[in-house]
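Overview (structure and organization)
Here is how the chains run, residue by residue.
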Amino acid sequence: MDDYPALSVFWSMLWFFLWIMWLFLLFKIITDIFRDHEMSGWGKAGWLIFVIILPFLGVLVYVIVRGKGMTQRDVKSAQENEAAFQSYIRKTAGTAPAGGSHVDELAKLVDLKDKGALSEAEFQQAKAKLLA
């Protein structure tokens, strides 16, 4: 341990951490290039070549020029995934999106029966139709 002091260990760990962060950012940028549907194929090819040929400069320039759009695409993707997940849950649970569940409809029928708008026979018929 005497030939590798603590400060050198610190610097080695710092450079390793920065290298890993740069790799993460590089892969994030490459996926963002292919995710952008508004960019033309030539634009995608140009950015990809720039990021691969001059990796450090390419990543820095991409983040400066297109960083805001990157964030917006991430947010849009997250919102679409959340909406799809919520839709899947509603479909699987068998409930309607907003106030259209059987319990709400049954409560409305009971309320109409209590107000006298529905007779007992009409209430039973509507209830049977709703529960079928």
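Everything below is about the structure printed above this text.
What comes next concerns the included structure. Along each chain, residue indices are assigned from 1 in the same order as the chain's sequence is written. Totals for whole chains, interfaces and linings use every residue, but because this is a predicted model, local features are given only for residues with pLDDT of at least 70 and side-chain atom pairs only at 80 or more, for both listing and counting. For side-chain calculations, the full set of non-hydrogen atoms in the structure is used, while hydrogens and water are omitted.

1. Here's the deal with the overall build of the chain
This is how the line gets drawn: Helix and strand assignments follow DSSP, with helices taken as H or I runs no shorter than four residues and strands as E runs no shorter than two, numbered in order from the N terminus. Values of the radius of gyration come from C-alpha atoms, whereas the globule rule sets the reference at 2.2 Å times the count of residues to the power 0.38. We call two residues contacting when some pair of their heavy atoms lies within 4.5 Å.
Counting its secondary structure elements, the chain contains 5 helices and 0 strands. If you list the helices and strands of the chain from N to C, you get α-α-α-α-α. In summary, the chain has a C-alpha radius of gyration of 29 Å against a globular reference of 14 Å for 132 residues, an excess of more than 25%. When the backbone C-alpha atoms are referred to their principal axes, the chain occupies close to 90 × 50 × 20 Å. Looking at the chain alone, contacts between residues at least 24 apart form 42% of all its contacts between residues at least 6 apart.

2. Topic: the layout of surface pockets
Left-over empty space is what a probe sized like a water molecule reveals as it rolls over the atoms. Stated formally: In the cavity and pocket records, a cavity denotes points on a 1 Å grid over the protein atoms alone where a 1.4 Å probe fits but cannot get out, a pocket denotes an open set with protein on both sides within 12 Å along at least 5 of 7 lines, and lining residues are residues with an atom within 4 Å of a point. Grid points are joined across faces, edges and corners, and a volume is the space filled by probe spheres set on the points. Charged means Asp, Glu, Lys or Arg here, nonpolar means Ala, Val, Leu, Ile, Met, Phe, Trp, Tyr, Cys or Pro, and polar covers whatever is left, Gly included.
Roughly 230 Å³ of internal volume is contained in the largest pocket. Looking at the largest pocket, the residues that line it are Arg 35, Asp 36, His 37, Glu 38, Arg 73, Lys 76, Ser 77 and Glu 80. Here the element with the most residues in the lining of the largest pocket is helix H3 (residues 55-93); it accounts for 4 residues. A breakdown of the residues in the lining of the largest pocket according to their chemical character gives no nonpolar, 2 polar and 6 charged.

3. Regarding a nonpolar patch on the surface
We apply this condition: A patch consists of residues exposed above 30% relative accessible area that lack any salt bridge, with like charges linked at up to 9 Å and nonpolar side chains (Val, Leu, Ile, Met, Phe, Trp, Tyr) linked at up to 5 Å. For every accessible area listed, the method is Shrake-Rupley and the probe measures 1.4 Å; residues are considered covered only by the protein chains on display. Think of a salt bridge as a Lys or Arg side-chain nitrogen and an Asp or Glu carboxyl oxygen that are within 4 Å of each other.
Judged by side-chain polarity, Leu 7, Phe 10, Trp 11, Trp 15, Phe 17, Leu 18, Met 21 and Phe 24 come together as a nonpolar surface patch covering roughly 930 Å² of accessible area. By the secondary structure assignment, Trp 11 is in helix H1 (residues 6-35).

4. Brief notes about the pattern of salt bridges
Here is the rule: Exposure categories follow from relative accessible area, calculated using a 1.4 Å probe and restricted to protein chains: below 20% of the type maximum is buried, above 50% is exposed, and the middle band is partly exposed.
Tallying each qualifying case throughout the model produces 8 salt bridges. Note that Asp 74 and Lys 28 form a salt bridge whose closest N and O atoms lie 3.1 Å from each other. Residue Asp 74 is located in helix H3, and its partner Lys 28 is located in helix H1; the two are separated by 46 residues in the primary sequence. Accessibility expressed as a relative area gives 26% for Lys 28, which makes it partly exposed. Between Asp 111 and Lys 115 there is a salt bridge, with its nearest N and O atoms 3.5 Å apart. Taken as a pair, Asp 111 and Lys 115 lie in helix H4 (residues 102-115) at a separation of 4 residues, close to a single helical turn. A residue is classified by how much of its surface remains accessible, and Asp 111, at 37% relative accessible area, is partly exposed.

5. Regarding the packing of aromatic side chains
Counted only if it meets this: Aromatic pairing here means that ring centres of Phe, Tyr or Trp (its six-membered ring) are within 6.5 Å. Orientation follows from the plane angle: under 30 degrees is stacked, over 60 is edge-to-face, and everything else is tilted. Each ring is checked for a lysine NZ or an arginine CZ that lies within 6 Å of its centre and within 35 degrees of its normal; such an atom marks a charge sitting over the ring.
In total, this model carries 5 aromatic pairs according to the counting rule given. Here the aromatic rings of Trp 47 and Phe 50 are separated by 6.1 Å at their centres, their planes lie at 55°, and the arrangement is tilted. Here Phe 50 and Trp 47 lie together in helix H2 (residues 41-53), a separation of 3 residues that amounts to about one turn. With a relative accessible area of 17%, Trp 47 lands in the buried category. Linked through ring pairs, Trp 47, Phe 50 and Tyr 62 together constitute an aromatic cluster. For the cation-ring pair, Lys 113 lies above Phe 123, with the distance from its terminal atom to the ring centre recorded as 4.9 Å.

6. Some words on the packing of H1 against H3
Rule in force here: Axis lines are fitted to C-alpha atoms, over the contacting stretch for helices. Their N-to-C directions set the angle, which ranges from 0 to 180 degrees. For classification purposes, an angle smaller than 35 degrees is called roughly parallel, one larger than 145 roughly antiparallel, one from 65 to 115 roughly perpendicular, and anything else oblique. Crossing handedness is defined as follows: a turn of the near helix away from the far one that is anticlockwise and smaller than a right angle gives a left-handed crossing, while the clockwise case is right-handed.
Between H1 and H3, the least distance of the axes is 9 Å, while the angle of their chain directions is 60°. With respect to H3, the axis of H1 lies oblique. Seen from above, H1 lies across H3 with left-handed handedness. Together, Trp 22, Leu 25, Leu 26, Lys 28, Ile 29, Asp 32, Ile 33 and Arg 35 of H1 and Pro 55, Phe 56, Val 59, Tyr 62, Val 63, Met 70, Arg 73, Asp 74 and Ser 77 of H3 make up the contact between the two elements.

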